[in-house]
Amino acid sequence: MCEKDMLYVLNNPVVDGKFPTFSTDAAQDAMRLHASIPGYQSTPLAHLGRLAKVWGLKDLYIKDESYRFGLNAFKVLGGSYAVANLLCEKLGKSIGEVDFDYLISAAVRRQLGDMTFVTATDGNHGRGIAWAAEKLQQKAVVYMPKGSAAARVKSIEAHGATVHVTDLNYDEAVRLASEQAAKNGWYMVQDTAWEGYTKIPTWIMQGYMTMAMEAIGQLGEQQPTHVFIQAGVGAMAGAVQGLLVEYYKDKPPVTVIVEPKNAACLYKSAAVGDGLPHAVSGDLQTIMAGLACGEPNPIGWDILKQSASCFMSVDDYLAANGMRILSCPVLGDDRVIAGESGSIGVGVLDLIMNDADYRELKNALGLGADSVVLLFNTEGNTDPVNFRQIVWYGKHLKPKQ
Ligand SMILES: Cc1ncc(COP(=O)(O)O)c(C=O)c1O
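A.B. asks: Help me out: how do you make sense of the sheet that holds strand 3 (residues 59-64) in this one?
C.D. replies: Strands belonging to one sheet form pairs held by backbone hydrogen bonds; the direction of such a pair is parallel or antiparallel. Ordered by their spatial adjacency, seven strands build an open sheet running 1-10-9-8-11-3-2, and the pairing between neighbours is mixed. Of all strands in the sheet, those with a lone pairing partner are strand 1 (6-10) and strand 2 (45-47), marking the two edges. Taking the axes of each pair of neighbouring strands and ignoring which way they run, one obtains an average angle of 20° across the sheet. For strand 8 (residues 226-230) and strand 11 (residues 372-377), the ladder comprises three bridges, and the chain directions are parallel. Paired with Val-227 across the bridge in strand 11 is Leu-374. Running over the sheet, helix 10 (residues 235-247) touches strand 8, strand 9 (254-260) and strand 11 and is turned about 160° from strand 8.

Here it is in structure tokens:
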């Protein structure tokens, strides 16, 4: 195995498929609320059947979240569902009783008064919160880590939010947002959890299940044998995995969790092996900005440590390879525009299927001619400048070894 490409830890799933907070019923509640938002459409499940054959797999699908509500990423599913739940709580209603029209009605707006939602983000989550606040005629304040791409800042400001680009890393920006929320009486809507802050992140995670529920419906009879899910804090991966192990309880897929090597906190937690979440620190530098998180979400970690089969810490060039592969499909396959955090599953799968150094891993995961693989393109070209640098001009090729 070459340490420059990836490191991995194999894990024995122990669970028999029960995470009640992330059940099919909970996913259906989230999907019903999302479906009531004007402009809702299920995102495409791109089919890469010809690429699957080239790589020696039975079939390959990638859920394409670049189409989500015109926002170029899946994240809005979580933020919008959490904000809807927050409003319901304030109104004394249950989420099952309301739809989006009701939440934006003039009477409800009067009853709620002015609310400000605050969050820290590397881009996609903040855009989702700004979008939800705008739709609900409320305010949003967003803190971003140092070095945030100008296009990502602009896309949040475009929804009327106040954006502060800090000189902090992601986890420090989260703490700053939390302090500002306490000081100003704002509502902190953060996409990760910590001790004493779990209710809102749980709603966010439940919102993410819409993506997985749609994919399950689109797959129909075709059951995935393998799923690759990228992780920042692991909230999305935990929610998706919670649903998959319940839905496919007779034969749960082999799930691989993928993180960038400078922010591989779930991988580190699995490698330490004491069952506890372990943080990584530093500036978390990676081109996969959406995955640059150093502290695991404890709710997600709890699900993943019981049910995932493998945790990976991978090099940035694999995300760039994934972007190139998806953007230039095998003739007859669907084309997918993927950003750095969206494409990593494809880059990793390419390496495992085609590089002899990873044969042992390929065998351990049981990847081969009977495998139906499901991936998630969680974002489109959210940094369009870097997208072209990578896809057109070949930036981030495999480093010389
Ligand atoms: C595009 C993209 N993919 C994946 C993730 C990972 O989600 P999580 O932080 O819940 O692991 C994020 C998080 O922001 C993201 O923006």
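A.B. asks: Whenever I open this one, the site of the ligand confuses me. Can you help?
C.D. replies: Around the ligand sit 15 residues, and of these Asn-124, Gly-232, Gly-234, Met-236 and Thr-378 come closest. Contact between the ligand and Met-236: an oxygen atom at 2.9 Å from a main-chain N or O atom of the residue. Contact distances for the ligand include 3.3 Å between an oxygen atom and a backbone N or O atom of Gly-290. With the chains in place, 99% of the 390 Å² that the ligand exposes on its own is no longer accessible. Split into classes, the residues belonging to the shell around the ligand amount to six nonpolar, six polar and three charged.

A.B. asks: Help me understand the packing of aromatic side chains, please; the structure alone is not making it clear to me.
C.D. replies: Here the structure, examined in full by the defined rule, presents eight aromatic pairs. Centroid distance Phe-117 to Tyr-187: 6.1 Å. Interplanar angle 55°. Geometry classified as tilted. Taken together, the residues Phe-117 in strand 4 (residues 116-120) and Tyr-187 in strand 7 (residues 187-188) connect sequence positions 70 residues apart. An aromatic cluster of three or more residues is present, and its members are Tyr-40, Phe-69 and Trp-131.

A.B. asks: Explain the domain arrangement of the chain to me, please; I cannot follow it from the model alone.
C.D. replies: The figure often quoted for interface size is the accessible area lost as the parts come together. Taken domain by domain, the chain comprises domain 1 (6-74 + 201-391) and domain 2 (86-196). On a C-alpha basis, the centres of domain 1 and domain 2 stand 25 Å from each other. Counting from both sides, the interface comprises 34 residues of domain 1 and, opposite them, 27 residues of domain 2. Where domain 1 packs against domain 2, one counts nine residue pairs in polar contact (both at pLDDT 80 or more). Listing elements by their share of the side of domain 1 that touches domain 2, those giving two or more residues are helix 1 (24-35), helix 9 (199-219) and helix 12 (298-307). Of all the elements, helix 9 adds the most residues to the side of domain 1 that touches domain 2, at four residues.

A.B. asks: Could you clarify how one ought to interpret the packing of helix 13 (residues 316-327) against helix 14 (residues 344-354) in this entry?
C.D. replies: Two elements in contact, helix 13 and helix 14, have axes whose closest approach is 7 Å; the angle formed by their N-to-C orientations is 100°. Looking at the two axes, helix 13 sits roughly perpendicular to helix 14. In this structure, helix 13 uses Tyr-317, Leu-318, Ala-319, Gly-322, Ile-325 and Leu-326 to contact helix 14, whose residues at the interface are Ile-344, Val-346, Gly-347, Val-348, Asp-350 and Leu-351. Taken together, the residues that form the contact of helix 13 with helix 14 break down as nine nonpolar, two polar and one charged.

A.B. asks: Explain helix 12 to me, please; I cannot follow it from the model alone.
C.D. replies: Along an α-helix, residues three or four positions apart point the same way, because every turn accommodates 3.6 residues. Within helix 12, burial applies to Ile-299, Gly-300, Trp-301, Ile-303, Leu-304 and Ser-307. Contacts from the buried residues of helix 12 go to helix 9, helix 10, strand 9, helix 11 (265-272) and strand 10 (310-314). Between the side-chain oxygen of the N-cap and the backbone nitrogen of Ile-299 there are 2.8 Å, and the N-cap of helix 12 in question is Asn-297.

A.B. asks: Explain the pairing of strand 5 (residues 139-144) to me, please; I cannot follow it from the model alone.
C.D. replies: Working note: regular strand, side chains alternate between the two faces of the sheet. Taken across its six residues, strand 5 has five buried, putting it largely inside the fold. With five bridges connecting them, strand 4 and strand 5 associate as parallel partners. Each residue of the ladder has a partner; that of Phe-117, found in strand 5, is Ala-140. A crossover connection joins strand 4 to the parallel strand 5 through helix 6 (residues 124-135); in handedness this β-α-β unit is right-handed. In the sheet, strand 5 pairs with strand 6 (residues 162-165) via four bridges, with the strands oriented parallel. Bridging from a neighbouring strand, Tyr-143 pairs with His-164 of strand 6. For the crossover that starts at strand 5, traverses helix 7 (residues 150-157) and ends in the parallel strand 6, the hand is right-handed.

The rules behind each value
Residues numbered from 1 in each chain as written. Predicted model: local features only at pLDDT ≥ 70, side-chain atom pairs only at ≥ 80, totals over all residues. Heavy atoms only, no water. Pairing = 2+ DSSP bridges. Helix = DSSP H or I, 4+ residues; strand = E, 2+ residues; numbered from the N terminus. Axes fitted to C-alpha atoms, helices over the stretch in contact; angles between N-to-C directions. Contact = heavy atoms within 4.5 Å. Near = heavy atom within 4 Å. Polar contact = N/O pair within 3.5 Å; in protein donor to acceptor, adjacent residues only side chain to side chain. Areas by Shrake-Rupley, 256 points an atom, 1.4 Å probe, with all protein chains shown as cover. Nonpolar A, V, L, I, M, F, W, Y, C, P; charged D, E, K, R; others polar. Phe/Tyr/Trp six-rings, centres within 6.5 Å; stacked < 30°, edge-to-face > 60°. Domains from an automatic or database assignment. Parallel < 35°, antiparallel > 145°, perpendicular 65-115°, else oblique. Buried < 20%, exposed > 50% of the residue type's maximum accessible area, 1.4 Å probe, protein only. Right-handed = clockwise from strand over helix to strand, strands pointing away.

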